[in-house]
Every structure is written in structure tokens, then in C-alpha cells.
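Chains, contacts and geometry: an overview
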Amino acid sequence: MGLFNFFRKQQQIEQPLVTTTTEIPKTVFIEENAPEEINKPNELGIQAIYNFLLEDFEGRGYNDALINPDDSYKSDNIRLLSQDLDILIQKVGTYYQDRFKEVDFHIASRSRAGLIDLVEELKTLQGTLKDHMAKIEIIRLNNESQRGATQRIVLSYQRGFMRGLSTLTQSKLFLDRTL
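Residues numbered from 1 in each chain as written. Predicted model: local features only at pLDDT ≥ 70, side-chain atom pairs only at ≥ 80, totals over all residues. Heavy atoms only, no water.

Moving on to the overall build of the protein chain. Counting its secondary structure elements, the protein chain contains seven helices and zero strands. Going residue by residue from the N terminus, the α and β elements of the protein chain occur as α-α-α-α-α-α-α. Pairs at least 24 residues apart make up 79% of the contacts formed inside the protein chain by residues separated by at least 6 positions. For the protein chain, the exposed area adds up to about 13400 Å²; of that, 56% sits on carbon and sulfur atoms. (Helix = DSSP H or I, 4+ residues; strand = E, 2+ residues; numbered from the N terminus. Contact = heavy atoms within 4.5 Å. Areas by Shrake-Rupley, 256 points an atom, 1.4 Å probe, with all protein chains shown as cover.)

Shown next as C-alpha cells:
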């Protein structure tokens, strides 16, 4: 009997070692309270510009009006938004210029190696890069003249600013019934 008890004790000792696992907390790999820029994947190319143009600036205008309802403050912030778009356009333009040079290098080197199909694919990619660069130039010109899709930024911000002014007036005058 002592021998059977010995084997049972061995099984009881071995089982926890086999079935026990350590769980690594999720926070070791993912910082949930990190700023949005860290958790958000980097946007490259023309998509970054489109995302900026589609952003809702109404809330920002609303909050700015509550902080400082001065019209010059609104104008300054609209100029800042336009300059932010300019910086993004320059950043994306540089990205496309670098990609274009890289693709151009690969076209030349793969042509020398005789990889005709790959060279054709690279030329297609180069054409796409040229198209995107042309679209970026149109957006840049529209931003300078405050026309086209870039006007959406201004309209969205102004709408929010006007809503903020309206809220200020309503809260100060209409809600105060002691007049």
C-alpha cells in the first residue's frame, strides 16, 4: 500500500505543475489610458489629409466661444486650423516625394535585373503616387484660397463658434429670469 500512496502523491504534485499557467495582464502590452495618438495607427499619405478634412471642428469652435467669445479669437483659430492643414500637406508631400524616389530606384534596379513584370507593377505604383501628389497640390491651392473641401474646416468651426455664442447668450440672459 505504501507504494501506491507514493505514486498518488507524485501525481498530485505533478498535476499542478502541468496545468498551472501564469496569466499576463493586458496592461503589460496595451496602455489603455494612453493618448489617442499612441493607440491610433499612423496615417500616411493622402488619407491623413482626408481624415483631417473630415474631422469635426464644430465642438472645438463651440468650446472656444465659451472660453473667449471675441471674433478676433475665432479668426485666429481659423487661421491656425488652416496652418495645421498646411503643415500636414507639407508632411504628406514629403512622404510622397520620398516614396516616389524609392520606387524610381527600384524601377531602375529591377529593370537592370530583367524583372519586367515587377517593373510594370512599380510603374503602376509610381502612377498612383503621381495622382496622389496632384490631388495634394489641388488641396494645397484650395487651402490657400479657402475654397473647395478645405472650406469645410472653416464652416464647421464657425458653426460651432456660433452655437457657443448662442449658448452663452441664452445662459446669461434667458435663463436669468430676475430681470
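Inspection of the secondary structure puts glycine 61 in helix α4 (residues 58-67). Here the alpha-carbon distance between glycine 61 and methionine 162, two residues 101 residues apart in the chain, equals 7.9 Å. Aside from chain neighbours lying at most four places away, what touches glycine 61 is Tyr157, Gly160 and Phe161.

Mapped onto the secondary structure, valine 119 falls in helix α6 (residues 116-145). With 16 residues separating them in the primary sequence, valine 119 and valine 103 have C-alpha atoms 9.6 Å apart.

With that out of the way, let us pick up the packing of helix α3 (residues 46-54) against helix α5 (residues 71-112). With their axes 9 Å apart at the nearest point, α3 and α5 run at an angle of 165° to one another. Looking at the two axes, α3 sits roughly antiparallel to α5. Where α3 crosses over α5, the two elements pack in a sense that is left-handed. For the pair α3 and α5, contact is made by Ile46, Ala48, Ile49, Phe52 and Leu53 and by Leu81, Asp84, Leu85, Leu88, Ile89, Val92 and Tyr96, respectively. (Axes fitted to C-alpha atoms, helices over the stretch in contact; angles between N-to-C directions. Parallel < 35°, antiparallel > 145°, perpendicular 65-115°, else oblique. Left-handed = near helix turned anticlockwise from the far one by under 90°.)

On inspection of all chains with the given rule, the structure shows six salt bridges. For arginine 163, the salt bridge is made with glutamate 58, and the minimal N-O distance between the two is 2.8 Å. One end of the pair, arginine 163, is in helix α7 (residues 151-174); the other, glutamate 58, is in helix α4, and 105 residues separate them in sequence. For arginine 163, a relative accessible area of 43% gives the class partly exposed. A salt bridge links aspartate 71 to lysine 74, with the nearest nitrogen and oxygen atoms 3.3 Å apart. Here the residue aspartate 71 and the residue lysine 74 both occupy positions in helix α5, the gap between them amounting to three residues, near one helical turn. (Salt bridge = Lys/Arg side-chain N within 4 Å of Asp/Glu carboxyl O. Buried < 20%, exposed > 50% of the residue type's maximum accessible area, 1.4 Å probe, protein only.)

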